[in-house]
2 protein chains.
Amino acid sequence: MTIRLPRLSLPQLCAVALATLLLAACSSTPAPRGTGDLGLVIERASGQVAVVETTGRSRLATVQGLGDLSHAHVTYSRDGRYGYVFGRDGGLTKVDLLLGRIDRRVVQAGNSIGGSISQDGRLVVAQNYDPGGIRVFDADTLEPLSEVPAEYAPGFRSKVVGLADLPGQRFAYALFEAGEIWVTDLSDPRQPRTQRYPAGRQPYDALVTPDGRHFIAGLFGEDGLALLDLWHPEQGVRKILSGYGRGEQPLPVYKMPHLRGWAVAGDYAWLPAIGRHEVLVVDTRDWREVARVPVHSQPVFVMARPDGRQVWVNFAFPDNGKLQVIDTESRSVVETLEPGRAVLHMEFTPRGEAVWVSARDDDKVVVYDTETRRPLAELPAAKPSGIFFTSRAARTGF
Amino acid sequence: MTIRLPRLSLPQLCAVALATLLLAACSSTPAPRGTGDLGLVIERASGQVAVVETTGRSRLATVQGLGDLSHAHVTYSRDGRYGYVFGRDGGLTKVDLLLGRIDRRVVQAGNSIGGSISQDGRLVVAQNYDPGGIRVFDADTLEPLSEVPAEYAPGFRSKVVGLADLPGQRFAYALFEAGEIWVTDLSDPRQPRTQRYPAGRQPYDALVTPDGRHFIAGLFGEDGLALLDLWHPEQGVRKILSGYGRGEQPLPVYKMPHLRGWAVAGDYAWLPAIGRHEVLVVDTRDWREVARVPVHSQPVFVMARPDGRQVWVNFAFPDNGKLQVIDTESRSVVETLEPGRAVLHMEFTPRGEAVWVSARDDDKVVVYDTETRRPLAELPAAKPSGIFFTSRAARTGF
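Note that the structure is a prediction, hence the values are computed from the model and not measured. (Residues numbered from 1 in each chain as written. Chains lettered and ligands numbered in written order. Predicted model: local features only at pLDDT ≥ 70, side-chain atom pairs only at ≥ 80, totals over all residues. Heavy atoms only, no water.)

(A) Local environment of the overall build of chain A. Helix and strand counts for chain A come out as 1 helix and 34 strands. The C-alpha atoms of chain A give 23 Å as radius of gyration, which agrees with the globular expectation for 398 residues (21 Å, within 12%). Seen through its principal axes, chain A has C-alpha atoms that stretch 90 × 50 × 30 Å. Counting over 398 residues, chain A shows a buried share of 59%. The long-range fraction of contacts in chain A, counting pairs at least 24 apart against all pairs at least 6 apart in sequence, stands at 43%. When the accessible surface of chain A is split by element, carbon and sulfur atoms take 50% of a total near 15500 Å². (Helix = DSSP H or I, 4+ residues; strand = E, 2+ residues; numbered from the N terminus. Rg over C-alpha atoms; globule rule 2.2 N^0.38 Å. Buried < 20%, exposed > 50% of the residue type's maximum accessible area, 1.4 Å probe, protein only. Contact = heavy atoms within 4.5 Å. Areas by Shrake-Rupley, 256 points an atom, 1.4 Å probe, with all protein chains shown as cover.)

Written as structure tokens, this is what we have:
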């Protein structure tokens, strides 16, 4: 069969061309949708991220070309549209979740370990191993604004860890080699002002409490943690949980645990011990240890469900196929799950009804109902690691 | 001058018409934008709401036809796109913030006092004075699913106040005439299951703590508040702050204060006293009064900045032209502001750098920097009252 096309005059052709162009323009403008239920899943081996939504539990898009995403971290613009992806290779990529594409990208360091966004959403800050320090960027354009080299002695730059945004355009972070906590005020983003506080041997990561008041750095070089009260920084750093492993034989450490603000549940902080099969429970009113909960293996992430009733724990290699759930009232493990091989990360939905779990070596993300602990969905994903939802935009310390 | 139009053939006309239609379709699809920085301002006298954004601090749209918006409350869909506006006349309007228009609207009762959304975002629940009870709707379609009449004795229905969403698809609320707290489980939304707890005389409003654990109802008929531990509801209601005004002469009450979860700052709850010029400070660990802060007049809203360092207070008529800021560490008033006449409500941006304040009788909304307490912007608004940001979607008890 042959289709006979009508012969068109020039004005007709113009009109048809115009219509076609408009149609193309329309199709590139996606249907309106909210961003409150969106997130990114890091697909490390492919240098890409999946844009996901937590209402229907589906993948909306795949964004490629993000470089080395080992240990990648994501922070969000205050409107929830853009995710800032910090890659290990120093790449900082601004991903547009609504259009499912890269908006901007810079390579800002040789070796980077994450970043954060200022309280007002105007500044993105990267924390770097090499060259050691923090760098400050305009959140819209990624234009570099300033940097704070972590030069703790002439010619010596430290790796920076545990960066956290604070109220008042400030950022706190720890210096591994220097054994210090620094607090930088970026009220004038081109003129950073930094205060230094001695902290202890080899801080390896840190957290700020959800209210932005207490900054706590874990110490690798000694038993204990370093606490700085940001309402009273003049009092300096105080050691807490000093010597919690005293006299015990340390186990080999397969992976350093992570510390973030979600470890705080109600009046207590739940912290992974280093090289021990324990979660430490600390009273946030006096920062004393009140309990230790024995767990399956060496904990990596210890995360409280948003209501603080449960704490979920994953583990270091080679025991990383399991997840445990602690009931915070009885302080005991109430469930052991096996989501798949190499459970690297998890993220709760903002109000905690579900948790998304990455099982890297089974190439999937598993979504659980946190109350029944039954799987709600599985999404195929290419070697997934970190999972980050846009609700982080509304919180301090993420 | 005369413009000569070319004579068009039928196909030409069709093409032009098509182009025009497509252009119209395009223009009705707004440019993509995130919803994390959006909100609604109630313009009560006009039965309308303003769609605002907190990054550039501007009004994006005005949505009309919402009926009687006295005491209107807004809760948000989990994606942040839709606001559910509960009007006093029983109207429940689903407003599309991205398109700036009404998506759906039902009139569900004769006299309503607000509503809430379930943890999973699928159910919207209205609390009603007349007929007294709660009604449950599908959040997408507003289809009615079920109701719980507040019939506390045969033929007697109570007004419902203080509705709060809880983890696990549950809702807690108080019954004014019945003097009870009810907890309804909507896991099966067409088959509500309700537990009743005696609470005390005339509960007038309530709050749930941000973790969803403690439900606290203020009592108008007696000095004190009713506390229900939702982790242990079998223990029943416990009275706290009993007799806090004992022996003192009550003042006339010009407006009942409001209670919501934002009253909790760190380890303390900050509660408006009824008919007294005081804010009560309660330790959330043992629920004892630890201090009273004298304030300008009878407090109405007592709201903690998200980091808990400040508590902002507005006041009942005729002293409602002032706002006071309490420093939570020193427990004293550190600032008194005069934003305009009839300061009815305020709302913090999610991370607390700014607060939006409505000054009804000056037809404006004033935005303050919470640290410097200097005004950042003023937006004209027609008799503004409540201000509600989409970040409420990610929180329990809003």
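That was the structure; now back to the text.
(B) Just the packing of aromatic side chains, in detail. For the coordinates displayed, the defined rule picks out 10 aromatic pairs over all chains. Taking the centre distance of 6.2 Å and the plane angle of 50° together, the rings of A:Tyr152 and A:Phe156 count as tilted. Judged by its relative accessible area of 26%, A:Tyr152 is partly exposed. Note on B:Trp312 and B:Tyr368: the rings are 6.4 Å apart at their centroids and 50° apart in plane angle, and the pair reads as tilted. In this pair, B:Trp312 sits in strand 27 (residues 310-315) while B:Tyr368 sits in strand 32 (residues 364-369), placing the two residues 56 residues apart along the sequence. The exposure class of B:Trp312 is buried, given its relative accessible area of 0%. (Phe/Tyr/Trp six-rings, centres within 6.5 Å; stacked < 30°, edge-to-face > 60°.)

(C) Region of interest: the environment of B:Pro192. Looking at the element boundaries, B:Pro192 is found in the loop between strand 16 (180-185) and strand 17 (193-198). Ignoring any residue separated from it by four or fewer positions in sequence, one finds B:Pro192 in contact with B:Ser146, B:Glu147, B:Val148, B:Thr184, B:Asp185 and B:Leu186.

(D) Main features of the pattern of salt bridges. Overall, the coordinates contain 65 salt bridges over all chains when judged by the stated rule. The shortest N-O distance in the salt bridge between A:Glu177 and A:Lys159 comes to 2.9 Å. Residue A:Glu177 is found in the loop between strand 15 (170-175) and strand 16 (180-185), and its partner A:Lys159 is found in the loop between strand 13 (156-157) and strand 14 (160-166); the two are separated by 18 residues along the sequence. On the basis of relative accessibility, which here comes to 34%, the residue A:Glu177 falls in the partly exposed class. Across the pair B:Glu222 and B:Lys239 runs a salt bridge whose closest N-O atoms are separated by 3.2 Å. Residue B:Glu222 is found in the loop between strand 19 (214-219) and strand 20 (225-229), and its partner B:Lys239 is found in strand 21 (residues 238-240); the two are separated by 17 residues along the sequence. Three or more residues are tied together by salt bridges with common partners; here these are A:Arg213, A:Asp229, B:Arg309, B:Asp327 and B:Glu329. (Salt bridge = Lys/Arg side-chain N within 4 Å of Asp/Glu carboxyl O.)

(E) View of the relation of the copies chain B and chain A. For the pair chain B and chain A, the best superposition has an RMSD of 0.0 Å and corresponds to a rotation of 180° with a translation of 0.0 Å parallel to the axis. Here the symmetry operator amounts to a two-fold rotation axis. (Least-squares fit on C-alpha atoms with pLDDT ≥ 70 in both.)

(F) Quick look at the interface of chain B and chain A. Contacts between the two partners involve 56 residues from chain B and, on the opposite side, 56 residues from chain A. When the two sides are added together, the surface that chain B and chain A hide from each other amounts to roughly 4700 Å², 50% of it contributed by carbon and sulfur. Considering only the side of chain B, the residues that lose the most area to chain A are B:Arg78, B:Arg285 and B:Arg351, jointly responsible for 20% of the buried surface there. Put simply, chain B and chain A have 10 salt bridges between them. Among the ionic pairs, B:Glu329 bridges to A:Arg213, the shortest N-O distance being 3.5 Å. For the pair chain B and chain A, the interface holds 30 residue pairs in polar contact (both at pLDDT 80 or more). A total of 9 residues in the side of chain B that touches chain A trace back to one element, the largest contributor, which is helix 1 (residues 10-28) of chain B. For the side of chain B that touches chain A, the per-class residue count stands at 19 nonpolar, 17 polar and 20 charged. (Buried area = accessible area lost by both parts, 1.4 Å probe. Polar contact = N/O pair within 3.5 Å; in protein donor to acceptor, adjacent residues only side chain to side chain. Nonpolar A, V, L, I, M, F, W, Y, C, P; charged D, E, K, R; others polar.)

(G) Just the pairing of strand 29 (residues 332-337) of chain B, in detail. All names here are of chain B. Note that strand 28 (residues 323-327) and strand 29 share 5 bridges and pair antiparallel. Each bridged residue has a counterpart across the sheet, and for Asp 327 the counterpart in strand 29 is Ser 332. As consecutive antiparallel partners, strand 28 and strand 29 are separated by 4 residues, and within that stretch Arg 331 has a phi angle of approximately 55°, a positive value. (Pairing = 2+ DSSP bridges.)

Everything listed here is a matter of coordinates, which is why it stays silent on function.
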